[in-house]
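Results of the structural survey
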Amino acid sequence: MTAIPPAAAIDLRSDTVTRPTAAMKAAMMSAPLGDDVLGDEPTVQALEAKVAALLGKEAALFVPSGTMANQLAIRSVCEPGDEIIAHRDSHIIHYETGAPAALAGCMICPLDGPRGLFDATQVRAAMRPRDQHAPVSRMLVIENTHNKGGGTVWPLAQFEAVASAGRECGLHVHIDGARLLNACIALGVAPTAYTAQVDTVSLCFSKGLGAPVGSALAGSAKLIARARRFRKMFGGAMRQSGLLAAAAIHALDHHVARLADDHANARRLAAIIASTPGLILEGTPDSVPTNMVFFTLEPRLGSAADFCTRLARRGVAAIGMGPSRVRMVTHLDVTATDIDHAAAAIATTAAESASSTA
Ligand SMILES: *Cc1c(COP(=O)(O)O)cnc(C)c1O
């Protein structure tokens, strides 16, 4: 990510920017509370049971962030010197501050592939020989939806082939499912269509689901008990966290089906971008998989950072994800009318960028 522009009236920088709704705040204020470290937080326990059931796992753990959920999975499974197989554009490689190396002492074996996807043959080829010279191939991380890849949804057959190859190779298979429910809504499948085939899953409540804070890690009871110890070690054990868990419960009850609206808004936004001179949409408007739209600027429009600064002055915030690549993300606080306003701002900004760099 390059410089992050300030918030604007229509904030398309990320789906993390949503504010809790009035109904969500009411749910938070009325939640029964306890002390989760002392083991008697009823709302956190209710959330953890709900997430475990949703994802078809024995247990789940409420944590402050998606990064912590992924890193707890890694730390609970890997020894120093182990290797994790993951796509080259993974969140765990680019946006988790080197935590696999810092916290678990792991290396990553990066795989290439279009839009964040790879195949079973690549997983098998990445396995190290069982030999004293080699790191131990321990874990496979599959990101779904894939953020940097474009909000990509893993096709079920490809996912199944990759996950079963991982398991046949003896790998622990983890889904970085920060936006797993976006993938499920896009395909019209239950989360278990993906999660039944893996060992652990992380899920973010603070992205498209609209909660202010929080993520979860789900897996076997044994693994989650181990992750609970590391959560304490990493400083992520919380007390009256039922306040936050109540927001997550509300989000799971009320904000999942509506992710389809975000996807529809993203496709409209993509159509606008595709028809704006100087902007090159990645894919076609119909192929935008979920709530993310990526495009690049023709060189005559200048840099992504300058484009985003100009756009923010017109009330629309987006993020530059490279010298000329821009990302826009739709979410709970973006309405269909906002997309109309954004369309006008994008057209004006593109024209202004072309003339100012001419
Ligand atoms: C946002 C995100 C995470 C977690 O991010 P936090 O900011 O730590 O909650 C993990 N994986 C992916 C793919 C993400 O997009």
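That block above? That's the structure.
A word on the pattern of salt bridges. In this structure the tally under the stated criterion is 16 salt bridges. One salt bridge connects Asp-36 with Arg-231, and the closest N-O pair in it is separated by 3.1 Å. With Asp-36 in the loop between α1 (22–29) and α2 (42–55) and Arg-231 in helix α10 (residues 221–233), this residue pair connects regions lying 195 residues apart in the sequence. For the pair Asp-36 and Arg-231, one class covers both residues: buried. The residue Asp-82 makes a salt bridge to Arg-138 at a minimum N-O spacing of 2.6 Å. Of this pair, Asp-82 sits in the loop between α3 (66–77) and β3 (83–87) while Arg-138 sits in strand β5 (residues 137–143), placing them 56 residues apart in sequence.

If you trace the backbone, Lys-57 turns up in the loop between α2 and β2 (59–63). One buried charged side chain, Lys-57, makes no salt bridge at all; its nearest oppositely charged neighbour is Asp-199, positioned 6.6 Å away. Residues in contact with Lys-57, not counting those within four places in the same chain, are Ala-52, Thr-195, Ala-196, Val-198, Asp-199, Val-201, Ala-218 and Gly-219.

A few words on the pairing of β5. Extensive coverage of β5 is indicated by the burial of six of its seven residues. Two elements, β3 and β5, share four bridges in a ladder whose sense is parallel. Note on β5: the bridge partner recorded for Ile-84 is Met-139. One ladder, built from five bridges, connects β5 with strand β6 (residues 172–177); its direction is parallel. Its bridge partner lying in β6, Val-141 is registered against His-174. Between β5 and its parallel partner β6, the chain crosses via helix α7 (residues 156–168), and the hand of that crossover is right-handed.

The first and last C-alpha atoms of helix α12 (residues 259–274) sit 23 Å apart over 16 residues, in line with the 22 Å expected at 1.5 Å per residue. In this structure, the buried side of α12 is in contact with α8 (180–187), β9 (279–281), β10 (292–297), β13 (325–329) and α14 (336–356).

Take the packing of aromatic side chains next. The tally for this structure, following the rule as stated, stands at six aromatic pairs. With a centroid separation of 6.3 Å and an interplanar angle of 35 degrees, the aromatic rings of Phe-230 and Phe-234 are classed as tilted. Its relative accessible area of 7% is what places Phe-230 among the buried residues. An aromatic cluster is present here, built from Phe-118, Trp-154, Phe-159 and Tyr-194 joined pairwise through their rings.

Across its 13 residues, α7 extends 18 Å between first and last C-alpha, which sits within 8% of the 18 Å expected from 1.5 Å per residue. Within the sequence span of α7, burial applies to Phe-159, Val-162, Ala-163, Ala-165 and Gly-166. Buried residues in α7, looked at end-on, bunch into an arc of 160 degrees, giving them a common side. Residues Ala-157 and Glu-168 are exposed on α7 and point more than 90 degrees away from its buried face.

For the rest of this paragraph, the subject is the site of the ligand. Taken together, 13 residues lie near the ligand, and Gly-66, Thr-67, Asp-176, Arg-179 and Lys-207 sit nearest. A distance of 2.8 Å is found between an oxygen atom of the ligand and a backbone nitrogen or oxygen belonging to Gly-66. Within the side chain of Asn-147, one N or O atom sits 3.1 Å away from an oxygen atom of the ligand. Here the ligand loses 84% of its free accessible area of 380 Å² to cover by the protein chains. Looking at the shell around the ligand, the element that brings in the most residues is α3, giving three residues. Within the shell around the ligand, the residues separate by chemical class into two nonpolar, six polar and five charged.

Looking now at the sheet that holds β2. With mixed pairing, seven strands are arranged side by side in an open sheet as β2-β8-β7-β6-β5-β3-β4. The open sheet is flanked by β2 and β4 (107–111), the only strands paired with a single partner. The average undirected angle you get between the axes of adjacent strands in this sheet is 20 degrees. Relative to strand β8 (residues 215–219), strand β7 (residues 200–204) is paired through four bridges, and the arrangement is antiparallel. Directly across from Cys-204, in β8, lies its bridge partner Ser-215.

Here we come to the environment of Asn-265. With respect to the helices and strands, the residue Asn-265 is situated in helix α12. Its relative accessible area of 9% is what places Asn-265 among the buried residues. Sequence separation of Asn-265 and Asp-340 is 75 residues, and the distance between their C-alpha atoms is 9.9 Å. Asn-265 has contacts with Thr-330, Val-334, Thr-335, Ala-336 and Ile-339, leaving out every residue within four places of it along the chain.

Reading guide: rules and limits
- Residues numbered from 1 in each chain as written.
- Predicted model: local features only at pLDDT ≥ 70, side-chain atom pairs only at ≥ 80, totals over all residues.
- Heavy atoms only, no water.
- Salt bridge = Lys/Arg side-chain N within 4 Å of Asp/Glu carboxyl O.
- Helix = DSSP H or I, 4+ residues; strand = E, 2+ residues; numbered from the N terminus.
- Buried < 20%, exposed > 50% of the residue type's maximum accessible area, 1.4 Å probe, protein only.
- Lys, Arg positive; Asp, Glu negative; His and termini not counted.
- Contact = heavy atoms within 4.5 Å.
- Pairing = 2+ DSSP bridges.
- Right-handed = clockwise from strand over helix to strand, strands pointing away.
- Expected span 1.5 Å × (residues − 1).
- Phe/Tyr/Trp six-rings, centres within 6.5 Å; stacked < 30°, edge-to-face > 60°.
- Arc of directions from axis to C-beta.
- Near = heavy atom within 4 Å.
- Polar contact = N/O pair within 3.5 Å; in protein donor to acceptor, adjacent residues only side chain to side chain.
- Areas by Shrake-Rupley, 256 points an atom, 1.4 Å probe, with all protein chains shown as cover.
- Nonpolar A, V, L, I, M, F, W, Y, C, P; charged D, E, K, R; others polar.
- Axes fitted to C-alpha atoms, helices over the stretch in contact; angles between N-to-C directions.

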